[in-house]
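Architecture at a glance
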Amino acid sequence: MTEKAAGADATGMQTTAVLDGDNWVLNGEKWFSSSASVADIAVVMAKTDPDAPRHEQYSTFIVELPNPGYEIVRNIETMQPHTDLGLKLGGSHSEIKIENLVVPRDNLLGGRGQGFNMGQHRLAYGRLRHGMHNVAIAQRALDLAAGHVVERSTFGKRLADRQGVRWMLADCAAEIYKARLMLLHIAYKAERGEDLRQENGIAKVFLAHMVHQVVDTALQLHGALGYSQDTPLARWYTGIRSQRLVDGPDEVHRWRTGANVIKAYEKYGTTASACGGELL
Ligand SMILES: Cc1cc2nc3c(=O)[nH]c(=O)nc-3n(C[C@H](O)[C@H](O)[C@H](O)COP(=O)(O)OP(=O)(O)OC[C@H]3O[C@@H](n4cnc5c(N)ncnc54)[C@H](O)[C@@H]3O)c2cc1C
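Throughout this document, residue positions are counted from 1 along each chain, in the order its sequence is written. Local features in this predicted model are restricted to residues of pLDDT 70 or higher, and side-chain atom pairs are both shown and tallied only at a pLDDT of 80 or more, whereas totals for entire chains, interfaces and linings draw on every residue.

Considerations on the site of the ligand
Every one of the 17 residues lining the ligand counts as a neighbour, but Thr 2, Gly 7, Ala 8, Ser 34 and Glu 251 are closest to it. Every helix listed is a DSSP run of H or I at least four residues long, and every strand listed is a run of E at least two residues long, numbered separately from the N terminus. Of all the elements in the fold, those that place two or more residues in the shell around the ligand are β2 (23-34) and α7 (250-268). Each residue receives one of three labels: charged for Asp, Glu, Lys and Arg, nonpolar for Ala, Val, Leu, Ile, Met, Phe, Trp, Tyr, Cys and Pro, and polar for the others, Gly being one of them. For the shell around the ligand, a count of residues per class yields 8 nonpolar, 7 polar and 2 charged. Marked domain ranges trace back to an automatic or database domain assignment. When residues of the shell around the ligand are assigned to domains, at least three fall in each of domain 1 (10-113) and domain 2 (116-274). Nearness rests on one distance test: the residue's C-beta atom, set from the backbone, must lie within 6 Å of the molecule or strand.

Spelled out as structure tokens, the structure:
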């Protein structure tokens, strides 16, 4: 989806697709296409219906690679250092030039004008997956922190025996626990086919901050060792910064979440349905 021209507001995408006989011809650019450098298939969104309502102008295409109209201009260097394994698994994000890219008519996915809706649907489950990943990283970071503080002594005492250190660990434990409950609730709703947009938006932002706080605490407790590359903490610290941007930046989610709070109040006279009120 994302282009230099448009990210948070995906309806600003400029890439076009024009029907030419039995093929679509695409022109434009994309960037931050994750895993493009190792992909055999790209899923590309382009404007097929510029005169349709804003959310029905885009369609999604399956593009089989390599293809002469689809060129990886570069793999973008980010604040997360690449590892060899990460690169093999597709850890980079590419800038793509799309020039007279010919796509068979049948490769249009999910119906003409449905690109935006499909993207939103996919992103909802993507957020759940990101959330689980964030819990896993946070859990591992807290394990590393606990492992370190039971071993390391300063001023004649184990770090683990300091009240201040225990409070730091307790705060992390609380954050991870809240994160797990949020994810379970969203997964429960997903399984039942219920509308999970509000909870997902709240959790997406919460989980991105939660993992940052826990990794940051673990790094702090490791001292200079945490800042080094001798533990995975420094790499996680830079990698997870992306969580506040990908699949919609914090501000856009909070904007929508706040709007839903107001909507719930106006409809029901209480905001409960906008903050998990069905639970308790
Ligand atoms: C590591 C990584 C991997 C990614 N992988 C992919 C991928 O595979 N495919 C893909 O399509 N995209 C991908 N993206 C792109 C990502 O989805 C976009 O970066 C994101 O949607 C934000 O768009 P943008 O970067 O253009 O920021 P912009 O849209 O320019 O927004 C910039 C900032 O403005 C603020 N802002 C924007 N709108 C509002 C608003 N309404 N109210 C208040 N503040 C606002 C926010 O702070 C936002 O961060 C990836 C990004 C990263 C960092």
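Quick look at the pairing of strand β6 (residues 93-104)
With 10 bridges connecting them, β2 and β6 associate as antiparallel partners. Bridging across to β6, Glu 29 finds its partner in Lys 97. The pairing of strand β5 (residues 70-76) with β6 spans 6 bridges and is classified as antiparallel. Its bridge partner lying in β6, Ile 72 is registered against Ile 96. Only strands joined by at least two bridges in the DSSP assignment are considered to pair.

Description of the environment of Glu 95
Residue position: Glu 95 is located in strand β6. Of the residues examined, Glu 95 has 18 C-beta atoms within 10 Å and is grouped as partly exposed. For the pair formed by Glu 95 and Lys 30, sequence separation is 65 residues and the distance between their alpha carbons is 5.9 Å. By the convention adopted here, residues make contact when the C-beta atoms placed from their backbones lie within 7 Å. Non-local contacts of Glu 95, meaning those with residues more than four positions away in its chain, are made with Trp 31, Val 73, Arg 74 and Ile 76. For every residue, the other C-beta atoms within 10 Å of its own C-beta are counted; 20 or more classify it as buried, 12 or fewer as exposed, and values in between as partly exposed. C-beta atoms are placed from the backbone.

Points about helix α4 (residues 197-221)
Between its first and last C-alpha atoms α4 spans 36 Å; for 25 residues at 1.5 Å apiece the expected length is 36 Å, and the two agree. Counting buried residues in α4 gives 19 out of 25 residues, a clear majority hidden from the surface. Remark: Gly 223 follows α4 within two positions and exhibits a positive phi of approximately 60 degrees. A helix is expected to span 1.5 Å multiplied by its residue count minus one.

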